[in-house]
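Here's the letter readout for the chains.
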Amino acid sequence: MITVIDAALALLALQSGGEMKWQFQPEDQFDLKWIYAESRRDDNGSYVSEAQDRREIEGTLTFKSPGVLLIRLKKVNWISGTQDCDHNLTWVEGKPPVLQSRIKTDPKSTSFPGVQSQAQTYGDQMKKGLEGEYTVDTRKAGQTQIVWSGYGMPLFERIFIHPILPKTTFATGEVWKVPFDHPTYFSTGISSNTAPINLDHKITAPEGKDIVAKAGLMIPISPPPAYGQTISGSLTYAREWTFDRENYLQSSKEDVSLQKKTESKSPGSKASRSTNQHSIKQALTLKKKPPPPPPKPPEEPK
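Not measured: the values here are computed from a predicted model. (Residues numbered from 1 in each chain as written. Predicted model: local features only at pLDDT ≥ 70, side-chain atom pairs only at ≥ 80, totals over all residues. Heavy atoms only, no water.)

A. Main features of the overall build of the chain. Within the chain, the secondary structure is distributed over three helices and 15 strands. Here the chain has a C-alpha radius of gyration of 24 Å; the compact-globule value for 302 residues is 19 Å, and the former is much larger. Expressed as lengths along the three principal axes of its C-alpha atoms, the size of the chain is roughly 95 × 65 × 30 Å. Taking all 302 residues of the chain together, the buried fraction comes to 34%. Sequence-distant contacts, at least 24 apart, represent 57% of the contacts inside the chain between residues at least 6 apart. Accessible surface, the chain: about 18,100 Å² in total, of which carbon and sulfur atoms supply 55%. Across the chain, the centroid of the 38 positively charged side chains sits 4 Å from that of the 34 negatively charged ones. (Helix = DSSP H or I, 4+ residues; strand = E, 2+ residues; numbered from the N terminus. Rg over C-alpha atoms; globule rule 2.2 N^0.38 Å. Buried < 20%, exposed > 50% of the residue type's maximum accessible area, 1.4 Å probe, protein only. Contact = heavy atoms within 4.5 Å. Areas by Shrake-Rupley, 256 points an atom, 1.4 Å probe, with all protein chains shown as cover. Lys, Arg positive; Asp, Glu negative; His and termini not counted. Charge placed at Lys NZ, Arg CZ, Asp CG, Glu CD.)

Next up, the structure:
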């Protein structure tokens, strides 16, 4: 039986919390900025594989239809590279894109033609990401999705916005669980041997402030030694996002760090070691633009 006191406490909890949902009018506009940085390094003792991906994107969100915002790109700086080749794509609204590529493979090596061909294809796919239309779809409650009408390599393919929310109204201190399925976790090689891991999300919303959700975990990598192989390391993960009291996503962040070391030793052979490092840091910010000033009244004739 729900008492008057229970109802009052529930109402107080909701009042101290807030809503995570989008509400915007045709005249609303938002400034967008997204920074993404990812790096990988795998060293097996005889060969080192490296990769990096950094994207800095600025744009404006404007009304397209109820629940949908159009992304108008303003500025793009995209750096992507491996141990074989680096690409740097820059673009500013009103100007053609500029792609600079540098092949690091020895031109005299037998692998050079293949690397050169792959570099050309990859660079072309990066430029394709500037084409087509990007929209932010908020029509489904608890979801914010970026949709692209083009083909190639989408600019926002790796963006973290927020997970699918079980509801839109939350109380301060409320906790809910989401299965942890980040791709980096599966690259540890231990996920199939462990029980499913849940990520606890918690709401913080100080009185009168924006409503924030946070989650994080640290997974030690220490499976039992097998076949002369010992694995150690850790995976650290954190995410956070904020909804403004005016009902729009204000910011989101994601931070991933994987450190893994493998040592193998078998009778009669030399011990071998390998290391794996993988990190991701990204931050999205949206800022609602103030409404334009009202038109000045016509001056009265003197």
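B. Quick peek at the pattern of salt bridges. Inspection of the entire model under this criterion finds 24 salt bridges. Ionic pairing is found between Glu38 and Arg40, a salt bridge with its closest N-O pair at 3.8 Å. Classification of Glu38 as buried rests on a relative accessible area of 11%. Assessed through its relative accessible area of 38%, Arg40 is described here as partly exposed. Note that Asp43 is salt-bridged to Arg41, the shortest N-O span being 3.8 Å. You can call Asp43 partly exposed: its relative accessible area is 21%. Each of Glu38, Arg40, Asp53, Arg55, Glu157 and Arg158 takes part in a single network of salt bridges with overlapping partners. (Salt bridge = Lys/Arg side-chain N within 4 Å of Asp/Glu carboxyl O.)

C. Molecular detail of the layout of surface pockets. Within this model, the largest pocket holds a volume of roughly 460 Å³. Along the walls of the largest pocket sit 23 residues, with Phe160, His182, Pro183, Arg239 and Glu254 positioned nearest its centre. Space inside the second largest pocket adds up to approximately 300 Å³. Around the second largest pocket sit 18 residues that line it, and Ala51, Ser80, Gly81, Thr82 and Tyr122 are the ones nearest its centre. Those elements that place two or more of their residues in the lining of the second largest pocket are β2 (29–43), β3 (48–65), β4 (68–82), β5 (85–92) and α2 (112–128). Looking at the lining of the second largest pocket, the element that brings in the most residues is α2, giving four residues. A per-class count over the lining of the second largest pocket returns six nonpolar, six polar and six charged. (1 Å grid on protein atoms, 1.4 Å probe; cavity = no way out; pocket = protein on both sides within 12 Å on 5 of 7 lines; lining within 4 Å. Points joined across faces, edges and corners; volume = space filled by probe spheres on them. Nonpolar A, V, L, I, M, F, W, Y, C, P; charged D, E, K, R; others polar.)

D. Spatial organisation of the side chain of Thr138. Mapped onto the fold, Thr138 is located in the loop between β7 (134–137) and β8 (145–148). Discounting chain neighbours no more than four positions away, the residues touching Thr138 are Trp22, Phe24, Gly67, Gln143 and Thr144.

E. Highlighting empty space enclosed by the protein. Summed over the entire model, instances satisfying the criterion amount to one cavity of 30 Å³ or more. What the largest cavity holds in volume is close to 60 Å³. Trp22, Leu32, Leu61, Val136, Thr144, Ile146, Ile161, Leu249, Leu284 and Leu286 are the residues that line the largest cavity.

F. How the structure looks around the side chain of Arg55. In this fold, Arg55 is placed in strand β3. A distance of 2.9 Å separates the side chain of Arg55 from the backbone oxygen of Leu155, its partner in a polar contact. If near-sequence neighbours (up to four positions away) are discounted, Arg55 is found in contact with Trp34, Ile35, Tyr36, Asn77, Trp78, Pro154, Leu155, Glu157 and Arg158. (Polar contact = N/O pair within 3.5 Å; in protein donor to acceptor, adjacent residues only side chain to side chain.)

G. Looking closely at the pairing of strand β10 (residues 175–179). Burial along β10 is one-sided: the face carrying Trp176 and Val178 is buried and the face carrying Val175, Lys177 and Pro179 is not. Relative to strand β11 (residues 198–204), β10 runs antiparallel, the two being bridged by five bridges. In the sheet register, Trp176 faces β11, and the bridge partner there is His201. (Pairing = 2+ DSSP bridges.)

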